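Structural overview for review
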Amino acid sequence: MTQQMTADRTKPDLGTVQETLLTPLCARADQYGRPDAIVSDKRAMEIVRSMDYDFDKIRKFPDTLTGCAIRAAIFDRWIAEFLQGNGDAAVVLIGEGLDTTYDRNDDGRAEWFEIDFPDVIELRRQLIGTSDRRTMIAGSVFEKDWIDQVRSGGRSQILFQAAGVFMYLPEEKVRSLLGLLADHFPGATLLFDTCSTMAKRNSHRWEATVRTTNAVYQWGTDDPRSIAKWDGRFQVTDVEYMMNYHRHQWSLKTRFWSTVSADLRHGYQLNRAILG
């Protein structure tokens, strides 16, 4: 797809699932400048201002935006911990969308790979551009061409991030992808988020990414650690729950119901795992 320019602003032309990337972008942009900001991302704010898109329809779902900002902050913390302990590292961002993970986390040494659909990579090149030690890869992560590109860098320690990816995949695809990563990158770290089965059932009611696009949640789990039952190489070492963080930024309704309902409070999980 060709991205269009309208009065010096970029009008995105994206597929259904790809359009969901605009929600986390909006979330980080709207945090910028807040005295209580969950994540500081000036670049996201600049990108939003450069686009011809109705972000106000996303802002009707503030809890989704809060959750996306919390996810970015926690994943950033885990990336920083990984890079501090690994001088010979590569970070592979699966379904990177218009995230600015590199800008927020680069340590000046790591090699970065950003994998997404061709229309998204085209938009990334236009709005974000490239820089040293970053490689953009256009295509599906289920195609194996990217594997040789990552391995050719010769980095001994690999971290994968899949933010806002797995809930849009059927379970068999999630299993396949984890197996692919474990086969080719034993010992790698994986950061990924999941939703509970209850959140999956109700995504059409409260999720901006579903309400503002035609995307559908396809997979949920009430216990992310249970993926070890699929394959003993999948070991989740950390699980954090979004709604335990920055309670003041969640809506009053969500704060109340997540207090009385453990199912809601545990509806969205942020996970760190070791593969292989």
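Now for a quick tour of the structure. (Residues numbered from 1 in each chain as written. Predicted model: local features only at pLDDT ≥ 70, side-chain atom pairs only at ≥ 80, totals over all residues. Heavy atoms only, no water.)

**Topic: the side chain of serine 258**
As a reminder, the rule being used: A run of H or I in DSSP counts as a helix once it spans at least four residues, and a run of E counts as a strand once it spans at least two, with each numbered from the N terminus. With a 1.4 Å probe rolled over the protein chains alone, any residue whose accessible area is under 20% of its type maximum counts as buried; one over 50% counts as exposed, and the rest are partly exposed. Polar contact is defined as a pair of N or O atoms within 3.5 Å, subject to the rule that within protein one atom must be able to donate a hydrogen and the other to accept it, and that residues adjacent in sequence are counted only when both atoms are side-chain atoms. By definition, residues are in contact when any of their heavy atoms lie within 4.5 Å.
Relative to the elements of secondary structure, serine 258 occurs in helix 12 (residues 252-260). Here serine 258 falls in the buried class, since its relative accessible area comes to 1%. At 2.7 Å, the side chain of serine 258 and the backbone oxygen of threonine 254 are in polar contact. In this view, serine 258 contacts Met243, Arg247, Leu264 and Arg265; residues no more than four positions away in its chain are not counted.

**Some points on empty space enclosed by the protein**
Where we set the bar: For each structure, a 1 Å grid was placed over the protein atoms alone; sets of points admitting a 1.4 Å probe that cannot get out are labelled cavities, open sets with protein on both sides within 12 Å along at least five of seven lines are labelled pockets, and lining residues have an atom within 4 Å of a point. Grid points are joined across faces, edges and corners, and a volume is the space filled by probe spheres set on the points. Side-chain classes follow a simple rule in which Ala, Val, Leu, Ile, Met, Phe, Trp, Tyr, Cys and Pro form the nonpolar group, Asp, Glu, Lys and Arg form the charged group, and the remainder, Gly included, forms the polar group.
Applying the stated criterion across every chain, the model contains 1 cavity of 30 Å³ or more. In this model, the largest cavity occupies a volume close to 80 Å³. Forming the walls of the largest cavity are Pro24, Arg28, Cys68, Arg71, Ala72, Phe75, Asp76, Asp99, Thr101, Arg104, Gln161 and Ala163. Looking at the lining of the largest cavity, the element that brings in the most residues is helix 5 (residues 62-85), giving 5 residues. Of the residues in the lining of the largest cavity, the class split is 5 nonpolar, 2 polar and 5 charged.

**A few points about the pairing of strand 4 (residues 111-116)**
In the case of a regular strand, side chains alternate between the two sheet surfaces. Selection rule: Two strands pair under a simple rule: DSSP has to find at least two bridges between them.
With 6 of 6 residues buried, strand 4 lies mostly within the body of the structure. Here strand 4 shows no split at all, with Glu111, Phe113 and Ile115 on one side and Trp112, Glu114 and Asp116 on the other all buried. Of the strand pairs in this sheet, strand 3 (residues 89-94) and strand 4 are connected by 5 bridges, and their pairing is parallel. In the strand pairing of strand 4, isoleucine 94 is matched with isoleucine 115. Across 5 bridges, strand 4 lies against strand 5 (residues 134-138) in parallel orientation. Note on strand 5: the bridge partner recorded for aspartate 116 is alanine 138.

**A look at unusual backbone geometry**
In this model, arginine 133 sits at a positive phi of 65 degrees, which is unusual for a non-glycine residue. Position of arginine 133 relative to the elements: it lies in the loop between helix 7 (118-127) and strand 5. At histidine 246, a position not held by glycine, the phi torsion is positive, near 45 degrees. Of the residues examined, histidine 246 reaches a relative accessible area of 31% and is grouped as partly exposed.

**Details of the pattern of salt bridges**
Stated formally: Any Lys or Arg side-chain nitrogen found within 4 Å of a carboxyl oxygen on Asp or Glu counts as a salt bridge.
On inspection of all chains with the given rule, the structure shows 22 salt bridges. The residue arginine 155 makes a salt bridge to glutamate 111 at a minimum N-O spacing of 3.8 Å. Here glutamate 111 lies in strand 4 and arginine 155 lies in the loop between helix 8 (145-152) and strand 6 (157-162), a separation of 44 residues in the sequence. A relative accessible area of 16% places glutamate 111 in the buried class. Where glutamate 114 meets arginine 124, a salt bridge forms, and the shortest distance between an N and an O atom there is 3.0 Å. Of the two residues, glutamate 114 sits in strand 4 while arginine 124 sits in helix 7, which places them 10 residues apart along the sequence. With respect to class, glutamate 114 is no different from arginine 124; both count as buried. Ionic contacts of the salt-bridge type, sharing partners, join the residues Arg28, Asp41, Asp76, Asp99 and Arg104 into one network.

**Details of the sheet that holds strand 9 (residues 268-275)**
The condition is simple: Only the stretch in contact is used when a helix axis is fitted, and all axes are lines through C-alpha atoms; the angle between N-to-C directions ranges over 0 to 180 degrees.
Taken together, the 7 strands give an open sheet; going across it, the order is 5-4-3-6-7-9-8, and neighbouring strands pair in mixed fashion. Across the chains shown, the open sheet's two edge strands, defined by having one partner strand only, are strand 5 and strand 8 (234-241). Strand after strand, the sheet turns through a mean of 20 degrees between neighbouring axes, direction not considered. Of the strand pairs in this sheet, strand 6 and strand 7 (residues 188-195) are connected by 4 bridges, and their pairing is parallel.

**Quick notes on the environment of glycine 220**
Positionally, glycine 220 belongs in the loop between helix 11 (208-211) and strand 8. Along the primary structure glycine 220 and tyrosine 268 are separated by 48 residues, whereas in three dimensions their C-alpha atoms are 9.4 Å apart.

**Some remarks on helix 3 (residues 42-49)**
Structurally, the α-helix is built with 3.6 residues per turn, so residues lying three or four positions apart point the same way. Spelled out, the test is: Regarding the arc, it is the one traced by the directions from the helix axis to the C-beta atoms.
Along helix 3, the positions that sit buried rather than exposed are Ala44, Met45, Ile47 and Val48. Buried positions in helix 3, seen along its axis, are confined to an arc of 160 degrees and lie on one side of it. Its buried side turned inward, helix 3 meets helix 2 (22-31), helix 4 (56-59) and helix 7.

As far as function goes, none of this settles anything; it's purely spatial.
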